[in-house]
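Each chain, written out:
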2 protein chains.
Amino acid sequence: MAERRSATIKDVAAAAGVGIATVSRVFSGTGSASAATRERVLAAARELDYRPSALGRGLKLRRSGGIGLVVPDVTDPFCAEVVAGVLACARTLGGHVIVDAAHGDPSREAEIVDRLVEQRVDGIIALPAGEEADWRAAARVCSSVVFADRVLPGLADVPSVLADDAGGVRSLTEYLAGLGHRRIGFLGGAPGRPRGVRERAFRDTLAQLGVPVEEDLVVAARPARDAAYAAAAGLLQRRADVTAVLAAGHLLGEAAVLVARELDLRVPADVSIAMMDDVAWAELCDPPLTAVARPGHDIGYRACELLLREPARRGRGGPVLLPTELVVRGSCGPLRSARR
Amino acid sequence: MAERRSATIKDVAAAAGVGIATVSRVFSGTGSASAATRERVLAAARELDYRPSALGRGLKLRRSGGIGLVVPDVTDPFCAEVVAGVLACARTLGGHVIVDAAHGDPSREAEIVDRLVEQRVDGIIALPAGEEADWRAAARVCSSVVFADRVLPGLADVPSVLADDAGGVRSLTEYLAGLGHRRIGFLGGAPGRPRGVRERAFRDTLAQLGVPVEEDLVVAARPARDAAYAAAAGLLQRRADVTAVLAAGHLLGEAAVLVARELDLRVPADVSIAMMDDVAWAELCDPPLTAVARPGHDIGYRACELLLREPARRGRGGPVLLPTELVVRGSCGPLRSARR
DNA sequence: CTGAAAGCGCTAACAT
DNA sequence: ATGTTAGCGCTTTCAG
């Protein structure tokens with residue numbers, strides 16, 4: 001059983017008694033070929049177990065037919081949704097997807113992009129976390145870049161697909177306020193990060209409702225479990241009078257649930273909890289958590305579509321904004337009385 | 001601002017006043033080059049913003065330097081862990097990863113593998129779900145295949161990295177039995193699927209413990225939310241006398257929790273629940289769920305290592321078996337009395 | 001230490 | 001409709 005290297009287009013041509021161009025035509029669908037020839041070619045290919053080399057084709061076409069996808073972390077449920085969306089779209093469009101995770105490290109992100117460029121991907125979809133300068137460079141050297149879920153402040157010209165986070169936070173805030181809550185704690189992302197839109201939406205909505213914003217109730221944490229927990233614990237311990245907590249992400253929500261339990265606070269009797277990101281466990285919690293669902297799958301799908309299918313429409317008219325949905329469950333109740 | 005196509009090795013050679021072979025040597029690290037020349041080349045490359053084309057290199061080397069990763073579903077928390085592990089390892093080894101999801105569809109899986117072969121990946125890591133024949137063909141045509149987390153019965157010669165599922169189920173079963181439970185419901189995977197090892201471990205352990213196995217308590221479900229729910233509901237309604245449920249996967253565990261709540265069963269007072277897969281929500285549940293942690297990240301990492309780093313040791317001595325860990329929380333209690 | 005030259009497998013004119 | 005040819009960007013002998 002000889003370890004034969006895989007057959008090339010030349011082998012197939014020879015076996016079928018035709019020129020290599022004909023084989024190429026048959027396989028790329030381009031051009032014409034008589035039914036008879038086509039059959040002979042296909043038969044020869046099958047016989048030889050021939051697979052066209054994407055490397056050869058790519059070199060000639062100067063593009064690989066694949067795209068790069070850069071996320072912070074594939075194990076994050078929301079990121080995973082986005083990845084799934086991209087895969088679904090890429091599949092229908094016939095391209096492959098090179099995925100990598102930057103874990104919030106800008107230098108690592110830059111390195112990933114470098115590698116993707118070397119691979120000659122047709123485009124890059126990113127949930128960016130790194131330096132604007134790096135991405136500016138990437139956008140210049142790479143054929144096309146699309147941001148998903150988040151953007152970089154200084155790169156407004158890069159097309160993007162986002163969830164309407166501001167709208168989501170607004171509906172959550174209004175919901176909580178409508179229940180009578182006035183001292184609402186806000187667990188947000190790290191300062192300076194794009195998460196800023198969430199915090200701004202919180203403040204704005206409260207202002208519109210005529211509820212004064214207490215700076216003490218607005219806290220920020222790095223997007224990591226420990227930081228989220230520390231932030232939630234700090235808030236709930238420092239201000240025993242908060243009657244509701246709005247967590248701006250599922251990690252923060254998780255932290256809030258854990259801290260509330262640790263502090264023996266009943267939910268929602270003692271404190272109401274609501275969060276952004278309607279992840280799977282929201283329904284498994286006791287009580288199930290009220291949350292705002294963000295269309296991760298759609299974001300990924302649309303971003304991929306934007307990249308591969310509508311290079312023309314890209315960037316026209318600012319970011320694509322996808323709606324969120326408030327899912328009311330049992331974790332929020334009407335204001336009763338201060339905890340102490 | 002002209003839209004210039006990216007610089008090639010030729011451009012760099014010209015700019016640096018050297019031959020293309022020298023540029024190649026400098027960039028691939030191979031061969032020798034005087035410090036001075038090296039500097040000139042690097043400077044020219046930087047000036048031209050040159051990125052070596054993986055396509056050119058790949059064509060010459062007849063391999064892309066990347067690997068393919070085929071999973072059932074990237075949004076599954078366990079799969080996501082495996083993906084993360086593969087990415088981590090591939091990164092240290094300098095290769096990229098093409099990821100795709102087959103969603104349990106054999107034909108789709110076969111198509112993905114076809115595409116990966118066309119991309120000339122250096123190897124494929126798969127959590128296989130499809131036909132043995134397809135994978136047999138893949139293993140033949142592709143340089144190398146490694147199975148992760150699960151195997152195909154007829155393909156024992158394909159190297160694999162697995163969690164010690166049998167051991168995990170055994171410890172869970174012993175734990176439950178040790179608590180006094182005798183009528184333990186088993187929620188397992190679809191019949192005929194590799195999940196069979198879990199069910200067998202359950203039966204064996206019970207037998208060893210001298211506890212009779214009631215067929216009626218062992219049910220199987222497709223790995224989907226609705227099927228899992230139906231199975232759990234069926235079991236708990238049909239047999240009001242089960243005092244404990246062992247869910248062989250996190251979807252099944254989720255279903256058990258939901259059904260128990262629906263049926264107003266208190267956990268663990270009325271029914272104890274334990275499951276395989278220590279996913280994030282296990283700790284958020286109320287009560288937190290006792291579970292067996294399976295090392296998804298390690299499985300991915302080791303599989304990748306096996307593929308890229310130890311082509312020699314592959315397959316030697318059967319599957320690599322990674323240990324699991326029983327994480328006891330509050331969802332299981334001592335046997336008290338029948339529910340009715 | 002360095003350059004010239006021969007392809008790797010494929011596509012796209014351009015002939016025929 | 002089909003064959004011939006010229007590269008795509010790179011690595012790698014083989015000379016010098």
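Just so we're clear, the structure is a prediction, and the values are computed from it rather than from any experiment.

On to the interface of chain A and chain B, then. Taken together, the contact between chain A and chain B spans 52 residues of the former and 52 residues of the latter. Interface area, chain A with chain B, both sides summed: about 4800 Å², of which 56% is carbon and sulfur. Where chain A meets chain B, there are four salt bridges. Measuring nitrogen to oxygen at the nearest pair gives 2.8 Å for the salt bridge that ties aspartate 114 of chain A to arginine 51 of chain B. Across the chain A-chain B interface, the total number found is 16 residue pairs in polar contact (both at pLDDT 80 or more). The set of elements that each furnish at least two residues to the side of chain A that touches chain B consists of α4 (54–61), α5 (77–93), β2 (96–101), α6 (106–118), α7 (132–141) and α11 (250–262) of chain A. A per-class count over the side of chain A that touches chain B returns 22 nonpolar, nine polar and 21 charged.

Moving on, we get to the UniProt feature "domain: HTH lacI-type" (unreviewed entry) in chain A. With numbering aligned to this structure, UniProt lists the feature "domain: HTH lacI-type" (unreviewed entry) at residues 7–61 of chain A. Helix makes up 71% of residues 7–61 of chain A and strand 0%, and the two end C-alpha atoms of the span are 21 Å apart.

Right, let's get into the protein's contact with DNA strand D. Near DNA strand D there are 31 residues, and of these Arg25, Ser32, Thr37 and Arg62 of chain A together with Ile9 of chain B occur at the shortest range. The separation between a phosphate oxygen of DNA strand D and a polar side-chain atom of threonine 37 of chain A is 2.4 Å. A distance of 3.2 Å separates a base oxygen of DNA strand D from a polar atom in the backbone of lysine 60 of chain A. Elements supplying a minimum of two residues to the surface near DNA strand D: α2 (20–28) and α4 of chain A together with α1 (9–16), α2 (20–28) and α4 (54–61) of chain B. Ranked by residues supplied to the surface near DNA strand D, first place goes to α2 of chain B with five residues. Among the residues making up the surface near DNA strand D, the classes are represented as eleven nonpolar, eleven polar and nine charged.

On to the protein's contact with DNA strand C. Lining the immediate environment of DNA strand C, one finds 29 residues, of which Ile9 of chain A together with Arg25, Ser32, Thr37 and Arg62 of chain B sit closest. At the protein interface, 63% of the atoms of DNA strand C within 4 Å belong to sugar or phosphate. A distance of 2.3 Å is found between a base oxygen of DNA strand C and a side-chain nitrogen or oxygen belonging to arginine 25 of chain B. Between DNA strand C and serine 34 of chain B, the relevant distance is 2.6 Å, taken from a phosphate oxygen to a main-chain nitrogen or oxygen of the residue.

What follows concerns the relation of the copies chain A and chain B. At an RMSD of 0.1 Å, chain A and chain B line up after a rotation of 180° and a shift of 0.0 Å along the axis. What we have between these two chains is a two-fold relation. Within chain A, isoleucine 98 of chain A has its C-alpha nearest the rotation axis, a separation of 2.2 Å.

Let's shift gears to helix α5 (residues 77–93) of chain B. Side chains of residues three or four places apart in an α-helix project in the same direction, reflecting 3.6 residues per turn. Look at α5 of chain B: 25 Å from first C-alpha to last across 17 residues, which is about the 24 Å you get at 1.5 Å a residue. Among all positions of α5 of chain B, only Phe78, Cys79, Ala80, Val82, Val83, Ala84, Gly85, Val86, Leu87, Cys89 and Ala90 of chain B are buried. Of the surrounding secondary structure, the elements contacted by the buried residues of α5 of chain B are β2 of chain A together with β1 (66–71), β2 (96–101), β3 (123–126) and α12 (296–308) of chain B. The backbone nitrogen of phenylalanine 78 of chain B lies 2.8 Å from a side-chain oxygen of the residue at the head of α5 of chain B, namely aspartate 76 of chain B. Following α5 of chain B by one or two positions, glycine 94 of chain B has its phi on the positive side, about 80°.

We now examine the state of the cysteines. Scanning the model with the defined rule gives zero disulfides over all chains in all. With no disulfide partner, cysteine 79 of chain B has as its closest neighbouring cysteine sulfur the one in cysteine 79 of chain A, 16 Å distant. Distance from the sulfur of cysteine 89 of chain B, which forms no disulfide, to the nearest cysteine sulfur (cysteine 304 of chain B) is 3.5 Å. According to the relative accessible area criterion, cysteine 89 of chain B is buried, its value standing at 0%.

Turning our eyes to something else, we now look at the sheet that holds strand β7 (residues 218–220) of chain B. Residue and element names in this part refer to chain B. Spatially, the six strands line up as an open sheet ordered β7-β6-β8-β9-β10-β12, and their pairing is mixed. Taken across any chain shown, the strands that pair with only one partner, and hence form the sheet edges, are β7 and β12 (325–327). Strand-to-strand twist across the sheet, computed as the mean angle between neighbouring axes with direction ignored, equals 15°. With four bridges connecting them, strand β6 (residues 184–188) and strand β8 (residues 244–247) associate as parallel partners. Pairing of glycine 185 across the sheet is with valine 245, part of β8. The sheet strands contacting helix α8 (residues 165–178) are β6, β8, β9 (272–276), β10 (290–293) and β12, and the helix crosses β9 at an angle near 170°. Contacts from helix α11 (residues 250–262) reach β6, β8 and β9, with the element oriented near 160° to β9.

Cut-offs and rules
Residues numbered from 1 in each chain as written. Chains lettered and ligands numbered in written order. Predicted model: local features only at pLDDT ≥ 70, side-chain atom pairs only at ≥ 80, totals over all residues. Heavy atoms only, no water. Contact = heavy atoms within 4.5 Å. Buried area = accessible area lost by both parts, 1.4 Å probe. Salt bridge = Lys/Arg side-chain N within 4 Å of Asp/Glu carboxyl O. Polar contact = N/O pair within 3.5 Å; in protein donor to acceptor, adjacent residues only side chain to side chain. Helix = DSSP H or I, 4+ residues; strand = E, 2+ residues; numbered from the N terminus. Nonpolar A, V, L, I, M, F, W, Y, C, P; charged D, E, K, R; others polar. UniProt positions renumbered as here; feature names shortened; annotations may be inferred. Near = heavy atom within 4 Å. Least-squares fit on C-alpha atoms with pLDDT ≥ 70 in both. Expected span 1.5 Å × (residues − 1). Buried < 20%, exposed > 50% of the residue type's maximum accessible area, 1.4 Å probe, protein only. Disulfide = S-S within 2.5 Å. Pairing = 2+ DSSP bridges. Axes fitted to C-alpha atoms, helices over the stretch in contact; angles between N-to-C directions.

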